[in-house]
Amino acid sequence: KEINGKGIVVLSRQDKKYPHLLKEISDAPICLYVKGDLDSVDLNKLHFAVVGTRMATSYGVQIARLLARELAESGVSIVSGMALGIDSQAHYGCLEAKGTTIAILGGGVDIVYPPQNKQLYDQILNNKGLIMSEFPPGMTALKGLFIARNRIVSGMSKGVLVVEGAQNSGAMVTARIAAEQGRDVFAVPQSITSPVSKGPNLLIREGATLVTSVDDILEELNLQRLAINTAAPKIQIILSEEEEAIVTLLSKEPKQTDEIVRETEIAPRVVLQTLSTLEIKSVLEKNLEGKYQVRLS
């Protein structure tokens, strides 16, 4: 009664709605606790996992969000662990495309973890997504439970993309588990100077599929990118001299306003006006660190 009162459904391995792909792994959960509108989600459609570090860089944030959004636009549902950083951005990217996203928790589905992701938790449920766990309601997320959670993330997915992560990170653990489960492993190449580069770069060296665009993933999944609004004419944006200088600078890496002033040697007042104009034109945006960056799409 308590479970039903919280809107939680229990799926056993005998249930037809239990993910068939997950059932194939050797240590498949006996049951899954699911929060959300299960009738609107097909747990046996094509799922793809996007994972990475909690300490994401602005580059990682952009890439995770972009690739998740483009995969969702092609009809792929996105699975991740709702952790801060890359996981959250993957969920948000999928939601932006009005796709289906599934969050696998390391504790009970009735407990938001981490608590900072309450807004994301609610958005997933309000947009026909699901929150899932093998742990009973009321169970607090504990560090030792995340490896168990990770096997579900990869187990119910056709492939796993690692965006950023240290060599011994949880994302790398997920990638190793995925390979053992026979899943395809993908990785985004990183700068060798980045502290979160070792994981993805090592995976690529070991044979993971290198991802430079969503097409690299779709090709491996035997899918084609769905054309979104292809009939709409593309508007060419003409930039002023100051706008072009700022966009060229920010195309290398995101920067604060004072850094832009210093490196372009443009008057502060002009820089502020130009940044506002470029935001209105949807050329630039601010990232989570409050730095200006070029919009990827």
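Each value, and the rule that gives it
Residues numbered from 1 in each chain as written. Predicted model: local features only at pLDDT ≥ 70, side-chain atom pairs only at ≥ 80, totals over all residues. Heavy atoms only, no water. Helix = DSSP H or I, 4+ residues; strand = E, 2+ residues; numbered from the N terminus. Expected span 1.5 Å × (residues − 1). Axes fitted to C-alpha atoms, helices over the stretch in contact; angles between N-to-C directions. Left-handed = near helix turned anticlockwise from the far one by under 90°. Contact = heavy atoms within 4.5 Å. Nonpolar A, V, L, I, M, F, W, Y, C, P; charged D, E, K, R; others polar. Core = buried A, V, L, I, M, F, W, Y, C linked by side-chain atoms within 4.5 Å. Buried < 20%, exposed > 50% of the residue type's maximum accessible area, 1.4 Å probe, protein only. Pairing = 2+ DSSP bridges. Phe/Tyr/Trp six-rings, centres within 6.5 Å; stacked < 30°, edge-to-face > 60°. Lys NZ or Arg CZ within 6 Å of the ring centre and 35° of its normal. Right-handed = clockwise from strand over helix to strand, strands pointing away. pLDDT = per-residue confidence, 0-100. Arc of directions from axis to C-beta. Salt bridge = Lys/Arg side-chain N within 4 Å of Asp/Glu carboxyl O.

Draft legend 1. Structural view of helix 12 (residues 268-280). For helix 12, spanning 13 residues, the distance from its first C-alpha to its last is 19 Å, which sits close to the expected 18 Å at 1.5 Å a residue. Remark: S282 follows helix 12 within two positions and exhibits a positive phi of approximately 65°.

Draft legend 2. The packing of helix 4 (residues 86-96) against helix 5 (residues 118-126), seen in detail. Where helix 4 meets helix 5, the closest approach of the two axes is 11 Å, and the angle between their N-to-C directions is 35°. You can see that helix 4 and helix 5 cross each other, and the crossing is left-handed. Side by side, helix 4 and helix 5 meet where S88, H91, Y92 and L95 of the first sit next to Q119, L120, Q123 and I124 of the second. Across the contact of helix 4 with helix 5, the residue classes break down as four nonpolar, four polar and no charged.

Draft legend 3. Layout of the nonpolar core. Among the nonpolar cores identified, the biggest contains 31 residues, and L43, M132 and M156 are the most heavily contacted of them. For this core, the element with the highest residue contribution is helix 7 (residues 170-180), accounting for four residues. Look past the residues within four positions of M132 in its chain and what remains in contact with it is L32, Y33, V34, L43, I102, A103, I104, L105, V109 and M156. Residues V50, A64, V76 and I217 belong to the second largest nonpolar core, which totals 22 residues.

Draft legend 4. Highlighting the sheet that holds strand 7 (residues 159-162). The nine strands lie next to each other as 1-2-6-5-4-3-7-8-9, forming an open sheet whose pairing is mixed. The open sheet has two edge strands, strand 1 (8-12) and strand 9 (209-210), and neither has a second partner. Two elements, strand 8 (residues 184-187) and strand 9, share two bridges in a ladder whose sense is parallel. Within strand 9, the position partnered with F186 by the bridge is T209. Seen against the sheet, helix 7 touches strand 3 (47-51), strand 7 and strand 8 and runs at an angle of roughly 155° to strand 7. Relative to strand 8, helix 8 (residues 198-205) is tilted by about 130°, and along the sheet it contacts strand 7, strand 8 and strand 9.

Draft legend 5. A look at the packing of aromatic side chains. Scanning all chains against the criterion turns up two aromatic pairs. Ring plane angle 65° and centroid distance 5.4 Å describe the contact between F48 and F186, whose orientation is recorded as edge-to-face. One end of the pair, F48, is in strand 3; the other, F186, is in strand 8, and 138 residues separate them in sequence. The buried category is assigned to F48, whose relative accessible area is 0%. When the ring centre of F146 is taken as origin, the NZ or CZ atom of R54, which lies over that ring, is 5.6 Å away.

Draft legend 6. Representation of the pairing of strand 3 within the structure. Counted residue by residue, strand 3 has five buried out of five residues, so it is predominantly covered. As judged from the three bridges shared by strand 3 and strand 4 (residues 77-80), these two strands associate in the parallel manner. Note that in strand 4 the partner of H47 across the bridge is S77. Chirality of the crossover, the property in question, places the unit of strand 3, helix 3 (residues 58-73) and strand 4 among those that are right-handed. Here strand 3 runs beside strand 7; their pairing, made up of three bridges, is parallel. Paired with V51 across the strands is V162, a residue of strand 7.

Draft legend 7. Main features of the confidence of the model for the protein chain. Averaged over the protein chain, the pLDDT score is 89; the fraction of residues at 70 or greater is 93%. Confidence over residues 227-235 falls short of pLDDT 50; this stretch has one contact with residues more than four positions distant or in other chains.

Draft legend 8. Just helix 8, in detail. All buried positions along helix 8 are accounted for by G199, P200, L202 and L203. Seen end-on, helix 8 carries its buried residues on one side only, within an arc spanning 165°. Exposed residues on helix 8 whose side chains face more than 90 degrees from its buried face are K198 and R205. On the buried face of helix 8, the contacting elements are strand 7, helix 7 and strand 8. Where helix 8 terminates, the next one or two residues include G207, which has phi positive at roughly 115°.

Draft legend 9. Representation of the pattern of salt bridges within the structure. Tallying each qualifying case throughout the model produces 10 salt bridges. Between D122 and K118 there is a salt bridge; the shortest N-O distance is 2.6 Å. Of this pair, D122 and K118 both sit in helix 5, four residues apart, which is roughly one turn of the helix. D122 gets classed as partly exposed once you look at its relative accessible area, which sits at 26%. Here E263 and K255 are joined by a salt bridge, their closest N and O atoms 3.2 Å apart. Overall, E263 belongs to the partly exposed group, its relative accessible area being 40%. Shared partners join several salt bridges into a network, and the residues in it are D27, E134 and R151.

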